[in-house]
Amino acid sequence: MTIPLSVIVPTRDTREMTLSGLDAVAAASAPSFEIVVVDDGSGDGTAEAVAAAHPQIRLVRRPEPGGFTAAANDGLRAASGEILFLLNSDAEPELDAFAKILAAFAEDPELGAAGAELVDPDGSPQWSAGRRPGALWMFALATGLPKALGRLPGYRRWKRPGARGAAARWVSGAALAIRRRAWEEAGPLDERFAFYCQDLE
């Protein structure tokens, strides 16, 4: 039986962050949803702690670390929801986040993927989405330039994170909701991207 929403949380050696995030996920309100945690060969007891604290969660254990993308794909394949919501292990969704996701997909039958507006604990914005990248943007990303610029005082005030609405052509895999039909048509995330840019691809 297909359920409305699956929340997929890949994790590796982030036990305390994962437990805190799962507490927030479990508290979120939605008509019906499942939580799938994929432990990517953790050595810090993450899997055992998750099983003890949240026995209702579906736990997928990878014996050896394979990277975020491989773990995410395992979780997406294991999930049974009509909407597949990939969520970082350190993310803590607001109480109505899942209800809003389901409403967005219900309102637009052609919506294939949607993202969330990510913020730091102090409320400052994180990169959540962006416009279509060009060759210069991809080159800068490959060289690590954006990360270096992000450390400059005042850079974030000058270069506001991301794009919204119709201007957004990609959304962050840190909180990425995908309609099952769209995921099946597009295929799994490309595991050649070990950590970054698999969401963009």
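Residues numbered from 1 in each chain as written. Predicted model: local features only at pLDDT ≥ 70, side-chain atom pairs only at ≥ 80, totals over all residues. Heavy atoms only, no water.

Colleague: For this particular structure, what's the right way to read the sheet that holds strand 4 (residues 81–87)?
Modeller: The pairing of strands in a sheet comes from backbone hydrogen bonds and takes either a parallel or an antiparallel form. Reading across from one edge, 3-2-1-4-8-5 is the order of the 6 strands in this open sheet, with mixed pairing throughout. Either end of the sheet is taken by a strand with one partner, and the two such strands are strand 3 (58–62) and strand 5 (113–115). Across the sheet, the mean angle separating the axes of adjacent strands is 20 degrees when strand polarity is ignored. Sheet analysis places strand 1 (residues 3–11) next to strand 2 (residues 33–40), joined by 7 bridges and oriented parallel. When the sheet's bridge partners are listed, Pro10 is paired in strand 2 with Val38. Along the sheet, helix 3 (residues 68–78) makes contact with strand 1, strand 2, strand 3 and strand 4, crossing strand 2 at roughly 145 degrees. Along the sheet, helix 4 (residues 97–107) makes contact with strand 1, strand 2, strand 4, strand 5 and strand 8 (175–179), crossing strand 4 at roughly 130 degrees. (Pairing = 2+ DSSP bridges. Helix = DSSP H or I, 4+ residues; strand = E, 2+ residues; numbered from the N terminus. Axes fitted to C-alpha atoms, helices over the stretch in contact; angles between N-to-C directions. Contact = heavy atoms within 4.5 Å.)

Colleague: Help me out: how do you make sense of helix 2 (residues 46–53) in this one?
Modeller: Residues spaced three or four apart along an α-helix face the same direction, because each turn holds 3.6 residues. By the burial criterion, the buried members of helix 2 are Thr46, Ala47, Ala49 and Val50. An end-on view of helix 2 places all buried positions within 165 degrees of arc, on one side of the element. (Buried < 20%, exposed > 50% of the residue type's maximum accessible area, 1.4 Å probe, protein only. Arc of directions from axis to C-beta.)

Colleague: Would you mind showing me how to read the pattern of salt bridges here?
Modeller: Side-chain pairing between opposite charges can occur once the charged atoms of the two side chains come close. On inspection of all chains with the given rule, the structure shows 8 salt bridges. In this structure, Arg62 engages Asp74 in a salt bridge whose closest nitrogen and oxygen atoms are separated by 2.5 Å. Here Arg62, found in strand 3, pairs with Asp74, found in helix 3; they are 12 residues apart in sequence, far enough to count as distant. You can call Arg62 buried: its relative accessible area is 18%. A salt bridge links Asp96 to Lys100; the shortest N-O distance between them is 3.4 Å. Members of the salt-bridge network, linked through shared partners, are Asp40, Arg62, Asp74 and Arg77. (Salt bridge = Lys/Arg side-chain N within 4 Å of Asp/Glu carboxyl O.)

Colleague: Explain the pairing of strand 8 here, please?
Modeller: Successive side chains on a regular strand alternate, one facing one side of the sheet and the next facing the other. Along strand 8, 5 of the 5 residues are buried, which leaves the element largely enclosed by surrounding structure. Neither face of strand 8 is exposed, since Ala175, Ala177 and Arg179 on one face and Leu176 and Ile178 on the opposite face are all buried. Pairing between strand 5 and strand 8: 3 bridges, direction antiparallel. The residue of strand 8 that forms the bridge with Ala113 is Ile178.

Colleague: What is the right way to look at the confidence of the model for the protein chain in this model?
Modeller: For any part of a model where pLDDT is low, the fine detail of the predicted coordinates should not be relied upon. Looking at the protein chain, pLDDT values average 81 and 70% of them are 70 or higher. Here residues 155–159 scores under 50 on pLDDT; set against residues more than four positions off or in separate chains, the count is 5 contacts. (pLDDT = per-residue confidence, 0-100.)

Colleague: For this particular structure, what's the right way to read the nonpolar core?
Modeller: Ranked by internal contacts, the top residues of the largest apolar core, which has 26 residues, are Val7, Phe85, Leu87 and Phe98. Contributions of two or more residues to this core are made by strand 1, helix 1 (15–27), strand 2, helix 2, strand 4, helix 4 and strand 8. With 5 residues, helix 4 is the largest single contributor of residues to this core. In contact with Phe85, not counting residues within four places along its chain, are Leu5, Ser6, Val7, Ile8, Phe98, Ile101, Ala175, Leu176 and Ala177. Ranked by size, the runner-up nonpolar core spans 16 residues in total, among them Val38, Leu76, Ala78 and Leu86. (Core = buried A, V, L, I, M, F, W, Y, C linked by side-chain atoms within 4.5 Å.)

Colleague: So what exactly am I meant to see when it comes to the side chain of Thr18 here?
Modeller: Along the polypeptide, Thr18 turns up in helix 1. On the basis of relative accessible area, Thr18 is assigned to the buried category, the value being 0%. Residues contacting Thr18, with those up to four places away along its chain left out, are Thr11, Thr46, Val50 and Ser89.

Colleague: Please clarify how the packing of aromatic side chains should be interpreted in this entry.
Modeller: In this description, a pair of aromatic rings is defined by centroid distance and the angle of the planes. Going through the model one piece at a time under the given rule, you end up with 2 aromatic pairs. Relative to Phe98, the ring of Phe85 lies with its centre 5.8 Å away and its plane at 75 degrees, an arrangement referred to as edge-to-face. Of this pair, Phe85 sits in strand 4 while Phe98 sits in helix 4; the two residues are 13 residues apart in sequence, bridging distant segments of the chain. The exposure class assigned to Phe85 is buried, which follows from its relative accessible area of 3%. Taken together through their ring pairs, the aromatic side chains of Phe33, Phe85 and Phe98 make up a single cluster. (Phe/Tyr/Trp six-rings, centres within 6.5 Å; stacked < 30°, edge-to-face > 60°.)

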